[in-house]
Amino acid sequence: MDNILLTNITSLKGVGPKTASILNSMDIYNIRDVLFNIPYKVVMSAQFSSNLNQGDRVVTSGIIENRVVTQFYENKKSRSYFSLQTPNGSVKIIFFNQMYLKKHLIEGKEVVVKGIYNSSNNTITANSISNASKDTNSNDDSIEVSYHLKQGVTQKKYRELVENCFNYIKDKNIINFVPENFKGIWPLKKILYTLHFPENSVSFDKAKKMFAFHELFDYQLKLQLQSISSKVEDKDYQILLDKSDIDYFISSLAFDLTNSQKDVIEEIFQDLSLPYSMNRLLQGDVGCGKTVVAAALIYGVVKRGYQSAIMAPTEILANQHFDTFFEFFRDLDVSLALLTSSTPKKERTKILELLKAGEIDILIGTHSLIQGDVEFNDLKFVITDEQHRFGVNQRKTFLEKGKKVNSLMMTATPIPRSLAITLITDIKVSTINELPHGRKKVQTYKATSKQLKSVLDNITLELEKNRQGYVVCPLIEESEKIDLKNVEEMYEKITSHLDDKYKVAILHGKMSNKEKDYIVEQFIKGEIHILISTTVIEVGVNVPNATFMLIVDANRFGLATLHQLRGRVGRSSYQSYCVLICDGKNERVDIMCLENDGFKIAEFDLKQRGPGDFFGTKQSGIPSFKAANLLNDTELMYLAKKLAYKIVEVTDNKEKLLSYLGIEKNNF
Ligand code: ADP
Ligand code: MG
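I will try to describe carefully the structure that is included in this document. These numbers come from a predicted model, not from an experiment.

1. Focus on the site of ligand 1
- What surrounds ligand 1 is a group of 16 residues, the closest being Asp 256, Gly 287, Thr 291, Arg 439 and Asn 542.
- At a separation of 2.7 Å, an oxygen atom of ligand 1 approaches a polar side-chain atom of Arg 439.
- Each residue belonging to the shell around ligand 1 can be placed in one class, and the counts come to six nonpolar, six polar and four charged.
- The two domains that each donate at least three residues to the shell around ligand 1 are domain 4 (235-432) and domain 5 (443-595).

2. A look at the pattern of salt bridges
- Evaluated as defined, the whole model comprises 20 salt bridges.
- With a shortest N-O distance of 2.8 Å, Lys 404 and Asp 234 are connected by a salt bridge. One end of the pair, Lys 404, is in the loop between α12 (392-399) and β15 (406-411); the other, Asp 234, is in the loop between α6 (201-230) and α7 (243-251), with 170 residues separating them in the sequence.
- On the accessibility criterion, Lys 404 (26% relative accessible area) is partly exposed.
- A salt bridge links Glu 267 to Arg 280, with the shortest nitrogen-to-oxygen separation between them at 3.8 Å.

3. Examining the nonpolar core
- Formed by 64 residues in total, the largest nonpolar core has its most connected members in Val 34, Leu 35, Tyr 158, Phe 213, Phe 217 and Leu 221.
- Looking at this core, the element that brings in the most residues is α6, giving 12 residues.
- Each of domain 1 (1-41 + 145-174) and domain 3 (176-230 + 598-667) contributes no fewer than three residues to this core.
- Other than its neighbours up to four places away in sequence, Phe 213 contacts Val 178, Phe 182, Ile 185, Leu 636, Leu 639, Ala 640 and Leu 643.

4. Observations concerning the packing of aromatic side chains
- If you walk through the whole model with that rule in mind, you get 20 aromatic pairs.
- Measuring from ring centre to ring centre gives 5.1 Å for Phe 177 and Tyr 660, while their planes differ by 70°; the resulting arrangement is edge-to-face. Taken together, the positions of Phe 177 in the loop between α4 (155-169) and α5 (188-196) and Tyr 660 in helix α21 (residues 654-660) put the pair 483 residues apart, joining distant regions of the chain.
- With a relative accessible area of 18%, Phe 177 lands in the buried category.
- The exposure class of Tyr 660 is buried, given its relative accessible area of 3%.
- Judged by centre distance (5.8 Å) and plane angle (35°), the rings of Phe 182 and Phe 213 are tilted. Placement of Phe 182 in the loop between α4 and α5 and of Phe 213 in helix α6 is noted, with a sequence separation of 31 residues between them. Note on accessibility: Phe 182 and Phe 213 belong to one class, buried.
- Among the aromatic residues, those joined into a cluster by ring pairs are Phe 177, Phe 182, Phe 213, Phe 217 and Tyr 660.
- Here the guanidinium or amino end of Lys 243 rests over the ring plane of Phe 269, the centre of that ring lying 5.9 Å away.

5. Points about the side chain of Thr 194
- Residue position: Thr 194 is located in helix α5.
- Of the residues examined, Thr 194 reaches a relative accessible area of 11% and is grouped as buried.

6. Points about the packing of α4 against α5
- Remark: α4 packs on α5, axes separated minimally by 11 Å, with the N-to-C direction vectors making an angle of 155°. Between α4 and α5, the angle is such that the two are roughly antiparallel. Crossing handedness for the pair α4 and α5: left-handed. Taken together, the residues of α5 that come into contact with α4 (itself represented by Val 162, Phe 166 and Ile 169) are Lys 189, Leu 192, Tyr 193 and His 196.
- Residues of the contact of α4 with α5, tallied by class, amount to five nonpolar, one polar and one charged.

7. Here's the deal with the sheet that holds strand β20 (residues 530-533)
- What the six strands build is an open sheet, ordered β17-β22-β21-β18-β20-β19; its pairing is parallel. Whereas interior strands pair on both sides, the edge strands pair on one side only; in this sheet they are β17 (443-447) and β19 (504-507). When the angles between neighbouring strand axes are averaged without regard to direction, this sheet yields 20°.
- Pairing analysis gives five bridges linking strand β18 (residues 468-472) to strand β21 (residues 546-551), with the strands arranged parallel. Bridging across to β21, Val 472 finds its partner in Ile 551.
- Contacts from helix α16 (residues 513-525) reach β18, β19, β20 and β21, with the element oriented near 145° to β19.
- Of the strands in this sheet, β17, β18, β21 and β22 (577-581) are in contact with helix α17 (residues 559-566), which crosses β21 at around 150°.

The rules behind these values
- Residues numbered from 1 in each chain as written.
- Chains lettered and ligands numbered in written order.
- Predicted model: local features only at pLDDT ≥ 70, side-chain atom pairs only at ≥ 80, totals over all residues.
- Heavy atoms only, no water.
- Near = heavy atom within 4 Å.
- Polar contact = N/O pair within 3.5 Å; in protein donor to acceptor, adjacent residues only side chain to side chain.
- Nonpolar A, V, L, I, M, F, W, Y, C, P; charged D, E, K, R; others polar.
- Domains from an automatic or database assignment.
- Salt bridge = Lys/Arg side-chain N within 4 Å of Asp/Glu carboxyl O.
- Helix = DSSP H or I, 4+ residues; strand = E, 2+ residues; numbered from the N terminus.
- Buried < 20%, exposed > 50% of the residue type's maximum accessible area, 1.4 Å probe, protein only.
- Core = buried A, V, L, I, M, F, W, Y, C linked by side-chain atoms within 4.5 Å.
- Contact = heavy atoms within 4.5 Å.
- Phe/Tyr/Trp six-rings, centres within 6.5 Å; stacked < 30°, edge-to-face > 60°.
- Lys NZ or Arg CZ within 6 Å of the ring centre and 35° of its normal.
- Axes fitted to C-alpha atoms, helices over the stretch in contact; angles between N-to-C directions.
- Parallel < 35°, antiparallel > 145°, perpendicular 65-115°, else oblique.
- Left-handed = near helix turned anticlockwise from the far one by under 90°.
- Pairing = 2+ DSSP bridges.

Now the structure itself:
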């Protein structure tokens, strides 16, 4: 091992098994981990002078001018003070309790005092008073760094640990793939040293920016290394699609595809035809028509004699896809099957048999598709709908259902443009950026709960035009009873307001799949006019005749959910409406009223919540950085990406790169 940073912490002075195990629980195993856990803040204290403000942190050395005077109060509490002569004048020092200090504070002695300045009576309330003759210089006294730590490791202990790391490294080199003098970036060692032992906050900030570059560079390097290992040519991934099959499918549709739909079909078509594994994300706003794109490609694949599968996060959605595909392929010679947890056992056995024999071309379903006993004959193409609803492992298991499988993931939760370009290199992205012709912008309004009656009057107008709609009540995690109560109360209010000829039904998460399916089916058929539900209809549901969406207590929902819910309407050429009931001010509700574009809403959401929350961190594989900021450091990310690309291109020593990144070879 030639990377000294990978030295285990147990080799350091002062790290016994107990400390090691606490550090391990903070994901700190080696010197690199210790040093890369940079301070999250530095606190500077000003030197005492005449131009301090109330509440400033100060540090000053000085000579004690008189004997310490102590006052006692309450029970054993004490307040002591003395006058200190500093180079910039005299100041009164106060300290509380700490009576043991008193015997060290003798007239004429030089001490260093740190504390908070009070301008009204020219005093410093001391946090610490120490001997000036101690080996620290006054610079160190005015700066204090703080780390994010766990119980069991104090700030002081961590500072010593960092010091021991640097003592261990001494003057040895640490590997650094950022070339010397690259854009004025300091050597890594200097950056790290400055972060842990800053001279002032200016140099700390400077070092932090450079460390941010290193973080982004390391991240990009890792992505590039991953992507070269997936770029190995392999003919088994290749599907030599026939353009005329796809054209034939498109011409059989009842509508014309949008240009954007045609473009992404072409793009994915090209990608599938290459002898590499495909890993692609199809993103497009709610209602833009991703399903038909999936169907066109699946048709092409099936016509070449391979199997394909599409997985959806809910049973409602899987059923709907099955019905949609059934319509699409009605007059085309393909066989499809539906597999969910509601599939009867006998039928399931039969499906699995036919699937294995290659007699089913397309399997549609939920998580049931990735169960152990589901075996395909020649699976070559899988589609994950609403991919953000699945975990990394589920998506991986899906891919492992065949030998060399190409993957397309679909999502309506777009990755904001700024991030997509800079971040993702191992996933390719196709984007549908227009809605089908004739769609009208969903008109979105805010209303208070007092206005419910007039909202219901407007809904009646839609019902009279034979339209349907949804009412969504928030899900309250802690209490199912309250959920149901909310929904039932709303049911009462609505049914008592409407003519009896309009059918209203409740749909909620605790119903069996069979009950849910039945209700959704009735709704699709138009036999139910209003569906009141918790968010079970959030994703995917497609009933073009639905034109109104009423969201109760809209302030309880996140932006992404509100946008998904609104996406259930506006799926035809009819004018649709979304009413957000909300008492009081709410920024998300205001945004919804102003903005219809899912990309813009996602950008806003990302800014408001930060990347960690937005992507749900661990599942998404989006890294969390200590110094870099994914939203603001776009320029830095570009630079890091370019450099990483160059380094990986010329390297003849991938292992050294992995070691530099602190990655063990067999973990890659
Ligand atoms: P999403 O992208 O949200 O999954 P869907 O695939 O469910 O959207 O499509 C929404 C609706 O729009 C469906 O009823 C679908 O048949 C219809 N649709 C899709 N593409 C077009 C088009 N080019 N012209 C007209 N209607 C379309
Ligand atoms: Mg969809």
